[in-house]
Amino acid sequence: MSDTPPGATTRSEPAAIRDRQRLSFDLDVDICVVGAGLAGLTVALEAARMGASVAVLEGRHVGWNASGHQLGTVMPGYGLPIGELIERVGFEDARELWSLSRQGAAFVRANATEELMPGIGLSEGALEVSNVDVGDQLISRLQMLGEDFETEVEGWQVDRVRDQLKTGRYFHGMYYPKAFQIDGRHYVHGLAALAHRAGARIFEDTPVVSIDSSGVRKRIVTPSARLRASHIVLAGNIHLGAALRRLSETMLPVWRYAAVTAPLGERLAEAITFQGSVIDSDGVDHFRIVDGDRLMWASPETTWSARPQRFAGTIARRIRTIFPQLGKVEIADVFGGAVGQTVHGMPQIGQLRKGLWVASGFGRQGLNTSAMAGQLIARSILWGDERWRLFSPFELVWAGGPTGRVAGHIVGIWGRGSSATAGVLARYREKARAQERIREARRLEANRQGGTRSPSRPPRPRPERAPPVATDPGEGANGLS
Ligand SMILES: Cc1cc2nc3c(=O)[nH]c(=O)nc-3n(C[C@H](O)[C@H](O)[C@H](O)COP(=O)(O)OP(=O)(O)OC[C@H]3O[C@@H](n4cnc5c(N)ncnc54)[C@H](O)[C@@H]3O)c2cc1C
């Protein structure tokens, strides 16, 4: 199998995590987790800490996709703006959901310590900056976050923002003193090490090719071994493969790319004094200082897989657009990964049918949300904690099913292969494409204003590589094939 994800460079991995073996013998466990990204590893860590026997099956290697190629910024909340969250589920449930997202961030903080993950480099504070002058709108948001959602946040006037970020591109800011950043790649490998230490077994180069979730003991098939488990957690993001294609298709894959510059010396300190993460209000740029005088900067996105190196020039130009005083910046490394965007902007967390769980769709904000998902699922399996049901309105019945209806319903419909389901999925995708078009237009406009060239679609995109998938008669039993 390829070691390189469609959207990521092969950055060197710590040696210890490269010798995890592929599963070559049959195994019986309590919980089988599919995917060793942030979501799968958090479930594994939590469940193993609670005493369950856990096997994680990873088709490539730990952190192969987005989880091993992110910026490490940990914020409260979700990709969905708070106002829309309230509109969807009402004030009280929105508050609960927000509180869960803060618990996810707290989980990361509790584990990303120098003691548990030496060299993790945690530092405090993140600043969300506005691209437009809408200071008055921020006031109500600040009040709501501070008073109703118990989130520490400060409003920064334009002068203060521009004092720390010397650019005329940004206006007001919202400063989150309790947000933080860590070495993101280090974190995912740290999670794997902690899960392993807690007793979870992690197998790399072991794609799950089919699943039969119909019985009490579920069957999982890999190319060289079979597993039986009471619970399966699908944490494969968009790469689950054909066996679970319909689940993957409820997400729109978006490839996001980031770069680290060469050392910029004194000129960086003159342009940027803020030491935390900076995120713009359109979700276009996200950056922070690393290693004292380098910039780590994420910006371009595509809805197809491309070589990250193609975007080195785009990112350099984007940096220069925002901070022209930096002059020409040299790019030292480019990387990226695919995130799964749901139509509604909220993650997919919950039980599809008895013993079959899903944790995916974390989009651009996956650190706190995947940590929360891992905790919720492990606690539900082992302690009967039912708080994951707060996500029911956002599961696979979002297409209009009444709030709280279990997603297993749609799994059943899929099994019957009805055309109504195809229609539902087509409408999802249509809406997702419409949203993506809006976002693309915003991105193009941002590039136009900045005089930078937006990455163009390559003439013949390479098809996305997924784990090889065998057809297994047992597969149809769960209705997911
Ligand atoms: C450039 C970039 C910057 C980002 N920055 C941030 C940030 O600063 N803060 C933040 O909160 N979020 C950030 N994100 C988002 C975050 O990285 C993602 O939301 C998160 O990593 C998703 O984790 P995951 O475990 O769901 O998916 P993945 O990382 O995709 O992991 C899924 C794993 O499952 C495996 N898999 C799939 N199917 C199978 C199968 N059939 N059998 C076996 N294994 C399988 C895959 O190989 C993969 O390793 C960023 C993302 C990118 C790309």
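Residues numbered from 1 in each chain as written. Predicted model: local features only at pLDDT ≥ 70, side-chain atom pairs only at ≥ 80, totals over all residues. Heavy atoms only, no water.

Asks: I tried to follow the site of the ligand on my own but got confused; where do I start?
Replies: In the region of the ligand, 37 residues are neighbours, and Glu58, Asn65, Ser67, Gly363 and Leu367 sit closest. At 2.9 Å from a nitrogen atom of the ligand is found a main-chain nitrogen or oxygen belonging to Gly59. Within the contact set of the ligand, an oxygen atom lies 2.7 Å away from a backbone nitrogen or oxygen of Gly363. Grouping the amino acids of the shell around the ligand by side-chain chemistry returns 15 nonpolar, 18 polar and four charged. (Near = heavy atom within 4 Å. Polar contact = N/O pair within 3.5 Å; in protein donor to acceptor, adjacent residues only side chain to side chain. Nonpolar A, V, L, I, M, F, W, Y, C, P; charged D, E, K, R; others polar.)

Asks: Is there a simple way to think about the packing of helix α1 (residues 38-49) against helix α10 (residues 367-383) in this case?
Replies: Between two packed helices, what matters for the description is the angle formed by their axes and the separation of those axes. One can describe the packing of α1 onto α10 by two numbers: an axis separation of 8 Å at closest approach and a directional angle of 40°. With respect to α10, the element α1 is oriented oblique. Note on packing geometry: the crossing formed by α1 with α10 is right-handed. Each of Leu38, Ala39, Thr42, Val43, Glu46 and Ala47 in α1 lies in contact with α10, whose residues at this interface are Leu367, Ser370, Ala371, Gly374, Gln375, Ile377, Ala378, Arg379 and Leu382. Its residues assigned to classes, the contact of α1 with α10 shows nine nonpolar, four polar and two charged. (Axes fitted to C-alpha atoms, helices over the stretch in contact; angles between N-to-C directions. Helix = DSSP H or I, 4+ residues; strand = E, 2+ residues; numbered from the N terminus. Parallel < 35°, antiparallel > 145°, perpendicular 65-115°, else oblique. Left-handed = near helix turned anticlockwise from the far one by under 90°. Contact = heavy atoms within 4.5 Å.)

Asks: What exactly am I supposed to notice about the side chain of Glu58 here?
Replies: Within the secondary structure, Glu58 sits in the loop between β2 (54-57) and β3 (73-74). At 5.6 Å, Arg60 is the nearest oppositely charged side chain to Glu58, a buried residue that forms no salt bridge. If sequence neighbours within four positions are ignored, Glu58 has contacts with Gly35, Ala36, Gly37, Trp64, Phe203, Glu204, Asp205, Thr206 and Pro207. (Buried < 20%, exposed > 50% of the residue type's maximum accessible area, 1.4 Å probe, protein only. Lys, Arg positive; Asp, Glu negative; His and termini not counted. Salt bridge = Lys/Arg side-chain N within 4 Å of Asp/Glu carboxyl O.)

Asks: Please clarify how helix α2 (residues 82-89) should be interpreted in this entry.
Replies: An α-helical turn contains 3.6 residues, so any two residues separated by three or four positions project in the same direction. All buried positions along α2 are accounted for by Ile82, Leu85, Ile86 and Val89. Buried residues along α2 cover an arc of 100° about the axis, so they all sit on one side. Against α3 (91-111) and α4 (135-148) lie the buried residues of α2. (Arc of directions from axis to C-beta.)

Asks: Hey, could you run me through the packing of aromatic side chains in this one?
Replies: Summed over the entire model, instances satisfying the criterion amount to 12 aromatic pairs. Judged by centre distance (5.7 Å) and plane angle (80°), the ring pair of Phe91 and Phe149 falls under edge-to-face. Taken together, the residues Phe91 in helix α3 and Phe149 in the loop between α4 and β5 (154-156) connect sequence positions 58 residues apart. For Phe149, a relative accessible area of 2% corresponds to the buried category. A centroid spacing of 5.9 Å and a plane angle of 85° characterise the contact between Tyr175 and Phe274, whose relative ring orientation is edge-to-face. In this pair, Tyr175 is assigned in strand β6 (residues 173-181) and Phe274 in the loop between α8 (266-271) and β12 (277-280), connecting sequence segments 99 residues apart. A single burial state applies to Tyr175 and to Phe274, both of which are buried. One aromatic cluster is present, formed by Phe91, Trp98 and Phe149 through successive ring pairs. Sitting over the ring of Trp64, Arg60 keeps its end group 3.9 Å from the ring centre. (Phe/Tyr/Trp six-rings, centres within 6.5 Å; stacked < 30°, edge-to-face > 60°. Lys NZ or Arg CZ within 6 Å of the ring centre and 35° of its normal.)

Asks: Explanation requested: the pattern of salt bridges in the structure shown.
Replies: Two side chains bearing opposite charge may form a pair once their charged atoms approach each other closely. All chains considered together, the criterion is met by 17 salt bridges. One salt bridge connects Arg160 with Glu154, and the closest N-O pair in it is separated by 3.8 Å. For Arg160, a relative accessible area of 41% translates into the label partly exposed. Taking the relative accessible area as the measure of exposure, Glu154 reaches 33% and is therefore partly exposed.

Asks: It is not clear to me how the environment of Ala332 should be interpreted in this structure. Could you clarify?
Replies: With respect to the helices, strands and loops of the structure, Ala332 is situated in strand β15 (residues 331-342). Taking the relative accessible area as the measure of exposure, Ala332 reaches 49% and is therefore partly exposed. Expressed as a C-alpha distance, the spacing of Ala332 and Thr261, which sit 71 residues apart in the sequence, is 5.0 Å. Among all residues touching Ala332, those that are not within four sequence positions of it are Val260, Thr261, Ala262 and Arg294.

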